[in-house]
Amino acid sequence: MSQSDTVHRILDAAEVLFAERGFTETSLRTITSTAGVNLAAVNYHFGSKKELIQAVFERFLTPFTDILNRELNRRGGASEPLQLDDLLQSLYRVALAGLASQGRDPKRFMRLLGLAYTQSQGHLRRFIVSRYGDSYRRFAGQLAAALPHVDPVTFYWRLYFMLGATVFSLSSFDAIEAILREDFGAESSLEETLARLAPAAVAMLTAPMPGESAGDNH
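All values reported here derive from a predicted model rather than from experimental measurement.

Rules of the game
- Residues numbered from 1 in each chain as written.
- Predicted model: local features only at pLDDT ≥ 70, side-chain atom pairs only at ≥ 80, totals over all residues.
- Heavy atoms only, no water.
- Helix = DSSP H or I, 4+ residues; strand = E, 2+ residues; numbered from the N terminus.
- Buried < 20%, exposed > 50% of the residue type's maximum accessible area, 1.4 Å probe, protein only.
- Contact = heavy atoms within 4.5 Å.
- Areas by Shrake-Rupley, 256 points an atom, 1.4 Å probe, with all protein chains shown as cover.
- Core = buried A, V, L, I, M, F, W, Y, C linked by side-chain atoms within 4.5 Å.
- UniProt positions renumbered as here; feature names shortened; annotations may be inferred.
- Axes fitted to C-alpha atoms, helices over the stretch in contact; angles between N-to-C directions.
- Nonpolar A, V, L, I, M, F, W, Y, C, P; charged D, E, K, R; others polar.
- Salt bridge = Lys/Arg side-chain N within 4 Å of Asp/Glu carboxyl O.
- 1 Å grid on protein atoms, 1.4 Å probe; cavity = no way out; pocket = protein on both sides within 12 Å on 5 of 7 lines; lining within 4 Å.
- Points joined across faces, edges and corners; volume = space filled by probe spheres on them.

### Side note on the overall build of the protein
Moving on, step 1. From N to C terminus, the protein includes ten helices and zero strands.
Moving on, step 2. Taken along its principal axes, the extent of the C-alpha atoms in the protein is 60 × 45 × 30 Å.
Moving on, step 3. Taken over 218 residues, the protein has a buried fraction of 44%.
Moving on, step 4. Considering only intrachain contacts with a sequence separation of at least 6, the fraction spanning at least 24 residues in the protein is 71%.
Moving on, step 5. Of the roughly 11,600 Å² of accessible surface on the protein, a fraction of 54% belongs to carbon and sulfur atoms.

### A look at the nonpolar core
Moving on, step 1. Within the largest apolar cluster, 61 residues are counted, with the highest numbers of intra-cluster contacts made by Leu 52, Leu 88, Tyr 92 and Leu 143.
Moving on, step 2. Among the elements that take part in this core, helix H4 (residues 49–74) stands out by supplying eleven residues, more than any other.
Moving on, step 3. Setting aside chain neighbours within four positions, we find Leu 143 in contact with Leu 84, Leu 87, Leu 88, Phe 155, Leu 159, Met 162 and Leu 205.

### So, the UniProt feature "DNA-binding region" (unreviewed entry) in the protein
Moving on, step 1. Feature annotation in UniProt assigns "DNA-binding region" (unreviewed entry) to the following positions: residues 27–46.
Moving on, step 2. Helix makes up 75% of residues 27–46 and strand 0%, whereas the separation of the span's terminal C-alpha atoms amounts to 15 Å.

### Topic: the packing of helix H5 (residues 84–101) against helix H6 (residues 106–118)
Moving on, step 1. Two numbers describe how H5 lies on H6: the axes approach to 8 Å, and their chain directions differ by 115 degrees. Note on element contacts: H6 touches H5 through Pro 106, Phe 109 and Met 110, opposite Leu 96, Leu 99 and Ala 100.
Moving on, step 2. Residues of the contact of H5 with H6, tallied by class, amount to six nonpolar, no polar and no charged.

### Comments concerning the pattern of salt bridges
Moving on, step 1. As enumerated under the stated definition, the model contains eleven salt bridges in all.
Moving on, step 2. Ionic pairing is found between Arg 59 and Asp 12, a salt bridge with its closest N-O pair at 2.9 Å. Residue Arg 59 is found in helix H4, and its partner Asp 12 is found in helix H1 (residues 3–21); the two are separated by 47 residues along the sequence.
Moving on, step 3. Take Arg 59: its relative accessible area is 15%, and that puts it in the buried class.
Moving on, step 4. Arg 59 is the partner of Glu 15 in a salt bridge, and the nearest nitrogen-oxygen pair spans 2.9 Å. Taken together, the residues span a long stretch of sequence, with Glu 15 in helix H1 and Arg 59 in helix H4 at a distance of 44 residues.
Moving on, step 5. Sharing partners across several salt bridges, the network here consists of Asp 12, Glu 15, Arg 59, Arg 104 and Arg 108.

### Some details on the UniProt feature "domain: HTH tetR-type" (unreviewed entry) in the protein
Moving on, step 1. In this numbering, the UniProt entry assigns the feature "domain: HTH tetR-type" (unreviewed entry) to residues 4–64.
Moving on, step 2. The annotated region residues 4–64 carries 80% helix and 0% strand content, and the separation between its end C-alpha atoms amounts to 22 Å.

### Observations regarding the layout of surface pockets
Moving on, step 1. Its boundaries defined by the atoms lining it, the largest pocket holds a volume of some 880 Å³.
Moving on, step 2. Taken together, 31 residues line the largest pocket, and the ones lying closest to its centre are Leu 113, Tyr 117, Ile 128, Tyr 136 and Leu 163.
Moving on, step 3. Only H4, H5, H6, helix H7 (122–146) and helix H8 (152–171) provide two or more residues apiece to the lining of the largest pocket.
Moving on, step 4. Here the element with the most residues in the lining of the largest pocket is H7; it accounts for twelve residues.
Moving on, step 5. Residues that form the lining of the largest pocket fall into these classes: 22 nonpolar, seven polar and two charged.

So, in structure tokens, the structure goes:
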């Protein structure tokens, strides 16, 4: 087995096991057993469990941010503010959907992202900020510019409400879609679900505060 094959087998096993069991609950021994390699291989190629977790996220975040940045540039986001709908279409219908076309599962990505928030992984947040902070600040800054009448604290919370809805909807997609089939006799593909998420996120970000009229935030 080549070194490249060993790295990919470790990452594939870690990705699946972390998403299914969580970071804390998944031991390196379980990962190496699933990957069919010895424990020394993880230490040799990654150095530690923390660095392995970071490498798993890198496989998702590098193509995701590359696709998102290219789409923002294509829509003119490098030189002028984009409309809210353009930004969210770039996020949902292009960047997340684009992950699938590159062999990365957006549903698993959202499960891992959700775990990064619910389990104590301070090293992972620092890694993401240092490696992908520019892309996040660009996108969040463009969102804020498209919502000039939303105060910063409200914008902060709405951004996380949107993230929470996205993480839950995609990480639980298979279960939710099964309920849809059983209760409504209908089916929805991942692409159709992402298309539905974009306008829902627009409504979440632009909803008036109590006491405001619907036109105050536009």
